[in-house]
Amino acid sequence: MSGLAPDGLPKGNRVWADGCYDMVHFGHANQLRQAKQFGQKLIVGVHNDEEIRLHKGPPVFNEQERYRMVAGIKWVDEVVENAPYATTVETLDKYDCDFCVHGDDITLTADGKDTYQEVKDHQRYRECKRTCGVSTTDLVGRMLLLTKNHHTQDEHIEQHVERARSLSTAILEYSKRMQSKKRRLNRLIADNVAMSPWTRVSRFIPTTTTILEFAEGRPPKPTDKVVYVTGSFDLFHIGHLAFLEKAKEFGDYLIVGILSDQTVNQYKGSNHPIMSIHERVLSVLAYKPVNEVVFGAPYEITSDILDQFNVQAVINGFRDNNSSVVNSSLASIDPFAEAKRRGIYHEVDSGSDMTTDLIIDRIIHHRLEYETRNKKKEKKEADVAKAMNLI
């Protein structure tokens, strides 16, 4: 291992990274991947719910869920719970860390102060690149748009009438906000008014380099027992992680088949998936149980798949087993028929009831708080950026 970090300076022994890590996505994972390149061990501090609510607004995932999700990322060596929102020299010393690593954006406290100012002043701060094109704010928007056809089936109208009304209101509000934001952006550009450079919308552009950086790159050994699972793994959450951990217990090498965007939309309907296949692949690859992924895996697990990868166990979770397939042609297919015929099919209980629908419910419940939070965040960042002559 080279003695130099990506910034050309010496690597540390134990390095620190911290954050909210709410709705953990591949952008978070990429920041931690880069941070690990700065030292031998990566220690990650995760803020508790109270700190996030004070400085930022209500988190979507609670602290226990966030602690577990961060601990599951393959570049993380240790997780420190209840990490302070503002990083201090005292915190670095307490956990024997040489310095902290953060992305090249800015994080502010409730009163608009740089949360890393103290460690910057003591030269114990290093930077890595922020992953453009993904953010928790962006994912929230996608989820709101997802709901526009969410409860249109006749047999569910009575049961979900109140929730549907709430979702429809949220969609209308979100659409209006997006139009308003576009008009405001145009006015700001025309009037040369300061905007935050860290909250501008950008699009994630997948590359083979990014995939390779996330991939393990190790084929199964001849003696490895290969396990196969398949699914959409959209908006990767604690239920997905718990399922993959259970599946990995059946063997030595876990291959995850990621269904194509078209296939997911066929069996789930509406505007699913929320995340593109490239985003979903990176999200899955970031976690410790996973050794390999299959891009655009077939909905039906065929003999070709099983033979090509020498699969000895196929695992399915019975809490979310695609029982609500909306496409009639797919509904008649048992995707696990061949695995059952070979006697290698197993079902597991992940122990988690987390679903994408539950995440959407949380977003809708707090949508006004999120809107207020995002406006405050953008204004604080714009004020700081203007003072730094970045805009």
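Structure: above.
Okay, so let's go over this structure. (Residues numbered from 1 in each chain as written. Predicted model: local features only at pLDDT ≥ 70, side-chain atom pairs only at ≥ 80, totals over all residues. Heavy atoms only, no water.)

So, the pattern of salt bridges
Per the stated rule, a full pass over the model turns up 17 salt bridges. In this structure, Glu65 engages Arg362 in a salt bridge whose closest nitrogen and oxygen atoms are separated by 3.0 Å. Here the residue Glu65 occupies a position in helix H3 (residues 63-71), and Arg362 occupies one in helix H15 (residues 356-365), the gap between them amounting to 297 residues. Given the relative accessible area of 12%, Glu65 is considered buried. Since its relative accessible area comes to 21%, Arg362 is described here as partly exposed. When salt bridges with common partners are traced through the structure, they connect Asp307, Glu338, Arg341 and Arg342 into a single cluster. (Salt bridge = Lys/Arg side-chain N within 4 Å of Asp/Glu carboxyl O. Helix = DSSP H or I, 4+ residues; strand = E, 2+ residues; numbered from the N terminus. Buried < 20%, exposed > 50% of the residue type's maximum accessible area, 1.4 Å probe, protein only.)

Some points on the pairing of strand E2 (residues 39-46)
Among the eight residues of E2, six are classified as buried, and the element is accordingly described as predominantly covered. When strand E1 (residues 12-19) meets E2, the two strands line up parallel, connected through seven bridges. In the sheet register, Ala17 faces E2, and the bridge partner there is Val44. In terms of handedness, the path from E1 via helix H1 (residues 26-36) over to E2 forms a crossover that is right-handed. The sheet contact formed by E2 and strand E3 (residues 78-81) spans four bridges and is parallel. Counterpart to Val44 in the pairing with E3 is Val79. (Pairing = 2+ DSSP bridges. Right-handed = clockwise from strand over helix to strand, strands pointing away.)

Points about the environment of Gly317
As for its placement among the helices and strands, Gly317 is situated in strand E9 (residues 311-317). For the pair Gly317 and Val348, spaced 31 residues apart in sequence, the C-alpha separation works out to 5.0 Å. Those residues in contact with Gly317 that sit more than four places away from it in its chain are Phe243 and Val348. (Contact = heavy atoms within 4.5 Å.)

Describing the sheet that holds E2
Spatial strand order, E3-E2-E1-E4-E5: five strands in an open sheet with parallel pairing. Strand pairing shows two members of the sheet lacking a second neighbour, E3 and strand E5 (125-128), which therefore form its edges. Direction aside, neighbouring strands of the sheet carry axes that sit 30° apart on average. Relative to strand E4 (residues 99-103), E1 is paired through two bridges, and the arrangement is parallel. Counterpart to Val15 in the pairing with E4 is Phe99. Its contacts with the sheet place H1 against E1, E2, E4 and E5, and it is angled at close to 140° to E2. (Axes fitted to C-alpha atoms, helices over the stretch in contact; angles between N-to-C directions.)

Describing the sheet that holds strand E10 (residues 345-348)
Taken together, the five strands give an open sheet; going across it, the order is E8-E7-E6-E9-E10, and neighbouring strands pair in parallel fashion. Each end of this open sheet is capped by a strand with a single partner; those strands are strand E8 (292-297) and E10. Mean inter-strand twist for the sheet, computed between neighbouring axes without regard to direction, equals 30°. Where strand E6 (residues 226-231) lies against strand E7 (residues 253-259), six bridges are found, and the strand directions are parallel. Counterpart to Thr230 in the pairing with E7 is Gly257.

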